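One-letter residues, chain by chain:
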Amino acid sequence: MVCPLRQLQPVSRWLVAQLPIPAGSHLAASVEFFFYDTPKVLMLLTLVVFAMGVVRSFFSPERTRALLAGKREGVGNIAAAMLGIVTPFCSCSAVPLFVGFVSAGVPLGVTFSFLISAPMVNEVALGLLFALLGWKVALTYLAFGLSIAILSGWIIGRLHLEDWLETWVREVRAEQDLPDEEHRDWVNRFEAGWDAVKEIVGKVWYWIIAGIAAGAFIHGYVPAGLLARIMGAGAWWSVPAAVLVGVPMYSNAAGIIPVVDALLGKGAALGTVLAFMMSVTALSLPEMIILRKVLSLKLIVVFAGVVALGILAVGYLFNVLFV
């Protein structure tokens, strides 16, 4: 049986040959990259989201909140970061989740570990990194991403900054009773997987297309030597510059990974590129604006500063480990 992904390269070349584009031109290289990566990434994304949608059916928001409530710092930070990998939450749900967790007795630092891990070390990012860049990169990203979530949450917890929450958040009382989870058989869980595909892929496909288009432009028009000089491991300033560039952007992990793939193909250093990816997913300006509803400006600055330091450390470590 022929793997469909193996047929994408010759099909993309054939499609480009049918277009009035000069062979071997920058435009031809960009269009071929776009034709090749679009179905590949969308197929991989659909498979990953379906599988994790089934897994997510075991983790309702109520169960997640109950699992974290009352956990001590340290153990709670680890549990929160691990749960962030498999739970369906992103920056758009940050405010209700934050209020729900704090009001249920989840320590502030533990809550932050979850909020950092969920968008940055999520199953879609790991699945696509594994498929596109290999298990070593995916596993290393997982280890460092969890480390950032755990240590950042622990540091924030040890600073005891609960008074820096907005007043109305501190006054919210925890609900006494959590609704029972609906019993599900495997048919229901597979339906949950398909529902996840419709919901998540339906929401992010245009980010995927935009990311692939950006990657196609980089692949076709940006000289390899240029990115190697600007984002190479030898440029010490490239990691903080990548973080600063990533913060104002808004994308999910699935949308930014095609850009990562293209940057790496042009000689950019792995640590620099992944620091850029982490800053987009964990420190995006839109997420900071959303969190401003529940956090004081001082607490947002501390949160962003601690996470940014962790991302910088990961960027430099990746550049050392993957030369």
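In what follows, the structure referred to is the one given above.
Because the structure is a prediction, the values reported are computed rather than measured. (Residues numbered from 1 in each chain as written. Predicted model: local features only at pLDDT ≥ 70, side-chain atom pairs only at ≥ 80, totals over all residues. Heavy atoms only, no water.)

**Student:** Talk me through the overall build of the protein; I want residue IDs and the actual numbers.
**Tutor:** A count of helices and strands for the protein gives 16 helices and zero strands. The buried share of the protein, taken over its 323 residues, is 49%. Contacts in the protein between residues far apart in sequence, at least 24 positions, make up 84% of those at least 6 positions apart. Taken as a whole, the protein presents about 15500 Å² of accessible surface, with 68% of it coming from carbon and sulfur. (Helix = DSSP H or I, 4+ residues; strand = E, 2+ residues; numbered from the N terminus. Buried < 20%, exposed > 50% of the residue type's maximum accessible area, 1.4 Å probe, protein only. Contact = heavy atoms within 4.5 Å. Areas by Shrake-Rupley, 256 points an atom, 1.4 Å probe, with all protein chains shown as cover.)

**Student:** Quick one: what's the story with helix H12 (residues 238–246), residue by residue and with numbers?
**Tutor:** Where H12 is concerned, the buried positions are Ser 238, Val 239, Ala 242, Val 243 and Gly 246. Buried residues along H12 cover an arc of 140 degrees about the axis, so they all sit on one side. Facing away from the buried side of H12 by more than 90 degrees, the exposed set consists of Leu 244 and Val 245. (Arc of directions from axis to C-beta.)

**Student:** Break down the pattern of salt bridges for me, with residues and values.
**Tutor:** Evaluated as defined, the whole model comprises two salt bridges. Between Arg 13 and Glu 32 there is a salt bridge whose closest N-O contact spans 3.4 Å. With Arg 13 in helix H1 (residues 8–17) and Glu 32 in helix H2 (residues 26–56), this pair connects stretches of sequence that are 19 residues apart. (Salt bridge = Lys/Arg side-chain N within 4 Å of Asp/Glu carboxyl O.)

**Student:** Can you break down the packing of H12 against helix H16 (residues 297–321) residue by residue, with the values?
**Tutor:** Here H12 crosses H16 at 135 degrees, and the two axes come no closer than 9 Å. By the angle between their directions, the pair H12 and H16 is classed as oblique. Read as a crossing pair, H12 and H16 show a hand that is right-handed. Contact residues: Val 239, Pro 240 and Val 243 in H12; Ile 311, Leu 312, Gly 315, Tyr 316 and Asn 319 in H16. Here the residues of the contact of H12 with H16 sort into six nonpolar, two polar and no charged. (Axes fitted to C-alpha atoms, helices over the stretch in contact; angles between N-to-C directions. Parallel < 35°, antiparallel > 145°, perpendicular 65-115°, else oblique. Left-handed = near helix turned anticlockwise from the far one by under 90°. Nonpolar A, V, L, I, M, F, W, Y, C, P; charged D, E, K, R; others polar.)

**Student:** Go over the nonpolar core with me, naming the residues and quoting the values.
**Tutor:** Ranked by internal contacts, the top residues of the largest apolar core, which has 60 residues, are Tyr 141, Leu 274 and Met 277. Broken down by element, the residue count for this core peaks at nine residues, all from helix H14 (residues 270–282). For Tyr 141, the residues in contact, after removing those within four places along its chain, are Met 120, Leu 126, Leu 129, Leu 274, Met 277, Met 278, Thr 281 and Phe 318. (Core = buried A, V, L, I, M, F, W, Y, C linked by side-chain atoms within 4.5 Å.)

**Student:** Quick one: what's the story with unusual backbone geometry, residue by residue and with numbers?
**Tutor:** At His 160, a residue that is not glycine, the phi angle is positive and equals roughly 55 degrees. Checked against the element boundaries, His 160 lands in the loop between helix H8 (135–158) and helix H9 (167–171).

**Student:** Just give me the short version of the packing of helix H4 (residues 75–86) against H8, but keep the residues and values in it.
**Tutor:** Closest axis-to-axis distance for the H4/H8 pair is 9 Å, and the angle between their directions is 135 degrees. By the angle between their axes, H4 is oblique relative to H8. Between H4 and H8 lies a crossing whose hand is right-handed. The segment H4 lies against H8, with Asn 77, Ile 78, Ala 81, Met 82 and Ile 85 engaging Leu 142, Leu 146, Ala 149, Ile 150, Gly 153 and Trp 154. A class-by-class count of the residues in the contact of H4 with H8 yields nine nonpolar, two polar and no charged.

**Student:** Any details on a nonpolar patch on the surface? Residues and values, ideally.
**Tutor:** Where nonpolar side chains cluster on the molecular surface, the patch consists of Phe 50, Phe 58, Trp 186, Phe 190 and Trp 194 and spans about 540 Å² of accessible area. Counting residues per element, the nonpolar patch draws most heavily on helix H10 (residues 186–221), at three residues. Relative to the helices and strands, Trp 186 resides in helix H10. Among the residues examined, Trp 186 registers a relative accessible area of 51% and is labelled exposed. (Patch = residues over 30% accessible without salt bridge, like charges linked within 9 Å, V, L, I, M, F, W, Y side chains within 5 Å.)

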